[in-house]
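Residue-level structure breakdown
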Amino acid sequence: MEIQTIKNNQTTKKATERISGSEAIVRCLIEEGTKIIYGYPGGAIMPVYDELFKFQDKIHHVLTRHEQGATHSAQGFARISGQVGVAIATSGPGATNLITGIADAQIDSTPMVCITGQVFSHLLGSDAFQETDIVGISTPVTKWNCQVTKASDIPAAIAKAFYIAKSGRPGPVLIDITKDAQLEEFDFSYEKCTQVRSYNPVPKTEIAAVEAAAKLINAAKKPLIVWGQGVILSEAEKQLIAVVEKAGIPAAWTILGASAIPTSHPLNVGMVGMHGNYAPNKLTNECDVLIAVGMRFDDRVTGTLATYAKQAKIIHFEIDPAEIDKNVKTDVAVLGDAKASLELLLPLLEEKKHTDWHQEFKDLYAIEYEKVIKDDLYPTKEGLTMGEVLKEINIQSKGNAAIVTDVGQHQMIACRYADFNITKSNITSGGLGTMGFGLPAAIGAKMAAPEREVVSISGDGGYQMTIQELGTIFQQKAAVKVVVLNNDFLGMVRQWQQLFFDKRYASTEMVNPNFVKIAEGYYIKAKKVTKREELAAAVKEMMESKEAYFLEVCVEKEGNVFPMIPTGASVSDIRLE
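Residues numbered from 1 in each chain as written. Predicted model: local features only at pLDDT ≥ 70, side-chain atom pairs only at ≥ 80, totals over all residues. Heavy atoms only, no water.

1. Quick notes on the sheet that holds strand 4 (residues 36–39)
To be explicit about the condition: One requirement defines pairing of two strands: DSSP has to find at least two bridges between them. Secondary structure is summarised from DSSP: a helix means a run of H or I of at least four residues, a strand means a run of E of at least two, and numbering begins at the N terminus for each. Orientation is described by axes fitted as lines to C-alpha atoms, over the contacting stretch for helices, and by angles from 0 to 180 degrees between their N-to-C directions.
Taken together, the six strands give an open sheet; going across it, the order is 5-4-6-7-9-8, and neighbouring strands pair in parallel fashion. The sheet terminates laterally at strand 5 (60–63) and strand 8 (144–148), the two strands that pair on one side only. Each strand axis lies, on average, 20° off the axis of its neighbour in the sheet, ignoring direction. Where strand 6 (residues 85–89) and strand 7 (residues 112–118) come together, five bridges link them in parallel fashion. Note that in strand 7 the partner of alanine 87 across the bridge is cysteine 114.

Shown next, in the form of structure tokens:
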């Protein structure tokens, strides 16, 4: 058959095939370049799985052990590749199990398309078996969602989903497709979506705003750049480095921005935020111009807003208009894609060195090194520290590994001490703080970039939330290196209980299983380290393995992560002990 369409006042004919809605779903994914999807089958999505079986030479389905694992794997895939991650699940509990990963992707701006099966359309609203209003449930945590009840609507919905998920500020999209729409036949054709009426994903950059920003930067005596993941999402790493080097500006990063500029770069002054570095946090309240690039002034970065950078002129480079003035009042807002905006800024900047200003960062770093870093990386006490584990991973990986973490003390230590030479190397749950993120996200990252070394770092608490994904690693033969830093505590909560609740360790001590035997039960080579003299050889063996490897390192039980900005405090009140 042929379908006539009118475009540019000319009638064109597009060849179609009569196929089922379920086959159309798979064909649409292939048209969008999808090579890998993560999911879990069930009754309401079974027709799609039947088609996936037929098309397995073109699209690889990864059977995760839980639907949450599917979303986190899709996130890891997206974060390291820059492509859209895809997750699929059945109706009811299958769909609701996706929600945590969807919410995580929404707040961390991760492009992801989730497809859920749904009961027959005539049963909608009847509380049918495994019926849940997933469109209603997911509305607050998706960039866009829809329900499809007719097969003929499937191609347009999927095309729109991929466009919205990837364009502008990325995010997750969910399409809920009823079973009758999957079974119904229709005349199929596919056309990628390139625009949506009333949706403007990339606002036009006003040159006047760029010029105003350049004027403030050129006049600054103590400028500071804080960059976030927007730099990575817009692939503006080279442009940012060029701006930093030409203007001689110290540059600090949020945890999702880590790796955009190599750790070793002399103008990279470290991490801001609750457990960030002493100098960039402290000097945020002493700079005269603060340039935010692709970051949203999260509360973990700013501390109390009442005292945050009040002395500074604020310049905000941002793609999402909703983020402008949301938390911090700006003096100059530069809307648009970070890469394009920085390219416009670069020729307007004067060459500067700011030598005295840089010395202030070096002086404060020296204080942090003596009080915190030295003991983390080169401890003299008996117990192993999380920091020295990261140091050994740096040595063996030469700073080229992608580090994927869960949430907690180990996450902050990994962000602080991992060496990042390559962009898209710090994959972590930032805004939502999802325990259980690390292991499945590492699977997605490794499958997206098999040539890269991918190291999953978890605490003993978060690891057990998605420990079943070891089965996915085994079945997929994904050569992920899995590290558990075991302190027999929910470490971050315990640290707060120690500092602010008089050491009342309420429900934070863990009685853990034999992690090595569990890994070996999944046919993964495993080792446990309890002594410092065993660490280097064990990390070396892990990193040299061509297959998946599990390493448990027993670290000090009551080790704390410093520096630390207490909740509600100013960045100036950052504590070193």
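2. A look at unusual backbone geometry
Leaving glycine out, the prevailing phi sign among residues is negative, and the prevailing peptide bond configuration is trans. Under the convention used in this document: Three exposure classes are used, based on accessible area relative to the maximum for each residue type with a 1.4 Å probe and protein chains only: buried under 20%, partly exposed in between, and exposed over 50%.
Cis peptide bonds are those with omega within 30 degrees of zero, and the linkage from phenylalanine 562 to proline 563 qualifies with 0°. Of note, proline 563 is situated in the segment after strand 22 (549–554). Even without being a glycine, alanine 309 presents a positive backbone phi close to 50°. Counting through the fold element by element, alanine 309 comes out in the loop between helix 13 (299–302) and strand 15 (313–318). Residue alanine 309 is classed as buried on the basis of its relative accessible area, which comes to 4%.

3. Quick look at a nonpolar patch on the surface
Put simply, the test is: Grouping into patches uses exposed residues only, defined as over 30% relative accessible area, and leaves out salt-bridged ones; the cut-off is 9 Å for like charges and 5 Å for nonpolar side chains (Val, Leu, Ile, Met, Phe, Trp, Tyr). The accessible surface values rely on the Shrake-Rupley method and a 1.4 Å probe; as for residues, cover is taken only from the protein chains in view. A side-chain nitrogen of Lys or Arg and a carboxyl oxygen of Asp or Glu constitute a salt bridge if their distance falls within 4 Å.
Together, Ile207, Leu344 and Leu348 give the surface a local cluster of nonpolar side chains, amounting to about 220 Å² of exposed area. Following the sequence through the fold, leucine 348 ends up in the loop between helix 14 (338–345) and helix 15 (355–377). A residue is classified by how much of its surface remains accessible, and leucine 348, at 34% relative accessible area, is partly exposed.

4. Description of the nonpolar core
In globular proteins that are soluble, nonpolar side chains generally tend to be buried together. Condition: To form a nonpolar core, buried Ala, Val, Leu, Ile, Met, Phe, Trp, Tyr and Cys residues must be joined to one another through side-chain atoms within 4.5 Å. In this description, contact between two residues means that some pair of their heavy atoms is separated by no more than 4.5 Å.
Judged by nonpolar contacts, the single largest core of 98 residues is most densely connected at Ile225, Trp227 and Leu290. No other element matches the six residues that helix 15 contributes to this core. Every residue in contact with isoleucine 225, bar those within four places of it in the chain, is listed here: Leu240, Val243, Val244, Ile249, Pro250, Ala251, Ala252, Ile291 and Val293. If you look at the next biggest cluster of nonpolar residues, it comprises 47 residues, including Ala103, Phe437, Leu439 and Ile473.

5. Things to note about the packing of aromatic side chains
Note on aromatic pairs: each is described by the distance of the centres and the angle between the planes. Threshold: Only rings of Phe, Tyr and Trp enter the pairing, Trp through its six-membered ring, and a pair is recorded when the two centres are within 6.5 Å. The plane angle decides the type: under 30 degrees is stacked, over 60 is edge-to-face, the rest tilted.
In total, this model carries 11 aromatic pairs according to the counting rule given. With a centroid separation of 5.7 Å and 70° between ring planes, the pair formed by tryptophan 496 and phenylalanine 500 is classed as edge-to-face. With tryptophan 496 and phenylalanine 500 both in helix 21 (residues 491–500), this residue pair falls four residues apart, about one helical turn. Among the residues examined, phenylalanine 500 registers a relative accessible area of 35% and is labelled partly exposed. Among the aromatic residues, those joined into a cluster by ring pairs are Tyr463, Phe515 and Phe550.

6. Thoughts on the state of the cysteines
Selection rule: Note on terminology: disulfide denotes any pair of cysteine sulfur atoms within 2.5 Å.
The full count for this structure, using the stated rule, is zero disulfides. Cysteine cysteine 146 shares no disulfide, and the gap to the nearest cysteine sulfur, in cysteine 193, comes to 12 Å.

7. Structural notes on the environment of glycine 171
Summarising the element assignment, glycine 171 is placed in the loop between helix 7 (154–166) and strand 9 (172–178). Setting aside its immediate chain neighbours within four residues, glycine 171 contacts Ser109, Thr110, Pro111, Met112, Lys143 and Ala165.

8. Quick notes on empty space enclosed by the protein
The cut-off we apply is this: Only protein atoms enter the 1 Å grid used here. Points where a 1.4 Å probe fits but cannot escape make up a cavity, open sets with protein on both sides within 12 Å along at least five of seven lines make up a pocket, and a residue lines them when an atom lies within 4 Å of a point. Grid points are joined across faces, edges and corners, and a volume is the space filled by probe spheres set on the points. Think of it as three bins: nonpolar holds Ala, Val, Leu, Ile, Met, Phe, Trp, Tyr, Cys and Pro, charged holds Asp, Glu, Lys and Arg, and polar takes everything else, Gly as well.
As enumerated under the stated definition, the model contains one cavity of 30 Å³ or more in all. Its boundaries defined by the atoms lining it, the largest cavity holds a volume of some 30 Å³. Taken together, Ile217, Ile225, Leu240, Val243, Ile249, Ile291, Val293, Phe317, Leu342 and Leu345 form the lining of the largest cavity. At the level of elements, helix 11 (237–247), strand 14 (289–293) and helix 14 are the ones that each hand at least two residues to the lining of the largest cavity. For the lining of the largest cavity, the residue count by class is 10 nonpolar, no polar and no charged.

9. Brief notes about the pattern of salt bridges
For the structure shown, the criterion picks out 22 salt bridges. Between aspartate 502 and arginine 504 there is a salt bridge, with its nearest N and O atoms 3.4 Å apart. Taking relative accessible area as the criterion, arginine 504 reaches 51% and is therefore assigned exposed. Lysine 540 serves as the salt-bridge partner of glutamate 544, at 2.7 Å between the closest nitrogen and oxygen. With glutamate 544 and lysine 540 both in helix 23 (residues 532–544) and four residues apart, this pair spans about one turn of that helix. A single network of salt bridges, built from pairs that share partners, joins Arg169, Asp320, Glu323 and Lys326.

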